[in-house]
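Geometric and topological summary
So you can see what is in the structure, the chains are spelled out below.
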Amino acid sequence: MQNSDELAEEYLGLVEKQKESEGKAVDSFTRGDMETCYVSGAQSMEQLQEGFEGTFGQAVGSLKRGFLVRRKGWNGKGMFLFLRPFDSLNDEYIIDTVKSLPYNFKEWVKAHPNAGGGRFFTQYICMKAADGTIVNGWLASQTDMLSEDWVLVDPNE
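Residues numbered from 1 in each chain as written. Predicted model: local features only at pLDDT ≥ 70, side-chain atom pairs only at ≥ 80, totals over all residues. Heavy atoms only, no water.

Here the focus is the layout of surface pockets. Approximately 260 Å³ is the volume attributed to the largest pocket. If you trace the largest pocket, you find it lined by R84, P85, D87, L89, Y93, V98, S100, L101, F121, T122, Y124 and N136. Counted by class, the lining of the largest pocket contains seven nonpolar, three polar and two charged residues. The volume enclosed by the second largest pocket comes to roughly 160 Å³. Residue lining of the second largest pocket: Q49, E50, G51, F52, F67, L68, R70, V151, L152, V153, D154 and E157, and that is the complete set. Contributing elements (two or more residues each) for the lining of the second largest pocket: β1 (68-71) and β7 (150-153). Looking at side-chain class alone, the lining of the second largest pocket contains six nonpolar, two polar and four charged residues. (1 Å grid on protein atoms, 1.4 Å probe; cavity = no way out; pocket = protein on both sides within 12 Å on 5 of 7 lines; lining within 4 Å. Points joined across faces, edges and corners; volume = space filled by probe spheres on them. Nonpolar A, V, L, I, M, F, W, Y, C, P; charged D, E, K, R; others polar. Helix = DSSP H or I, 4+ residues; strand = E, 2+ residues; numbered from the N terminus.)

Let's shift gears to the pattern of salt bridges. All chains considered together, the criterion is met by six salt bridges. Residues D91 and R119 are paired through a salt bridge, measuring 2.6 Å at the closest nitrogen-oxygen approach. Taken as a pair, D91 in helix α4 (residues 91-96) and R119 in strand β4 (residues 119-121) lie far apart in primary sequence, 28 residues in all. Each member of the pair D91 and R119 is classed as buried. In this structure, K110 and E107 form a salt bridge, with 3.1 Å as the shortest nitrogen-oxygen distance. With K110 and E107 both in helix α5 (residues 103-111), this residue pair falls three residues apart, about one helical turn. The exposure class assigned to K110 is partly exposed, which follows from its relative accessible area of 47%. (Salt bridge = Lys/Arg side-chain N within 4 Å of Asp/Glu carboxyl O. Buried < 20%, exposed > 50% of the residue type's maximum accessible area, 1.4 Å probe, protein only.)

The biggest cluster of nonpolar side chains holds 13 residues, and the ones touching the most others in it are L48, V69, W74, L81, M127, W138 and W150. When contributions to this core are tallied by element, the ones reaching two or more residues are α3 (56-64), β5 (124-128) and β7. Excluding anything up to four places from it in sequence, M127 contacts W74, M79, F80, L81, T133, I134, V135 and W138. (Core = buried A, V, L, I, M, F, W, Y, C linked by side-chain atoms within 4.5 Å. Contact = heavy atoms within 4.5 Å.)

With that settled, consider the packing of aromatic side chains. Here the structure, examined in full by the defined rule, presents seven aromatic pairs. Geometrically, the ring pair formed by W74 and W150 is edge-to-face, given 5.4 Å between the ring centres and 80° between the ring planes. Of this pair, W74 sits in the loop between β1 and β2 (80-84) while W150 sits in strand β7, and the two are 76 residues apart along the sequence. A single burial state applies to W74 and to W150, both of which are buried. Taken together, the aromatic side chains of F56, W74, W138 and W150 make up a single cluster linked through ring pairs. (Phe/Tyr/Trp six-rings, centres within 6.5 Å; stacked < 30°, edge-to-face > 60°.)

What α3 keeps buried is the set F56, Q58, A59, G61, S62 and L63. Tucked into the core, α3 has its buried residues touching β1, β2, β5, α6 (142-146) and β7. One or two steps after α3, the chain reaches G66, where phi turns positive at roughly 95°.

Written as structure tokens, this is what we have:
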């Protein structure tokens, strides 16, 4: 995994190339150029980098950006995590269409109509388990949270 300084150096190289292509002196960096390099480096540290292992925090950052993640240390074949995004559903759709909600909740929705429109469902982390099932509301263990072997998953593998 690259650290912030290494990522900033990488971005600095991109700024140098840009200046060269514009015919500007490569050694004439402005404060803004330098700050952009370090901010870009820091922002890229918030998520996992392709080909590198990372922390649980970086894995969560990647999930929030729509990536699939897993631990290298997991034994189950094909296991990975993804984020189920928040959703807003109107009462009629909940009652008539949604299969994953229990009958009694639907009865409650009927008895307590939401005049404001949709009902907000929060986001949650799901796991695709080794047997192919989807586990809703996956919870990380202490070991998972402290491990630094988190990686991005190629959705085509």
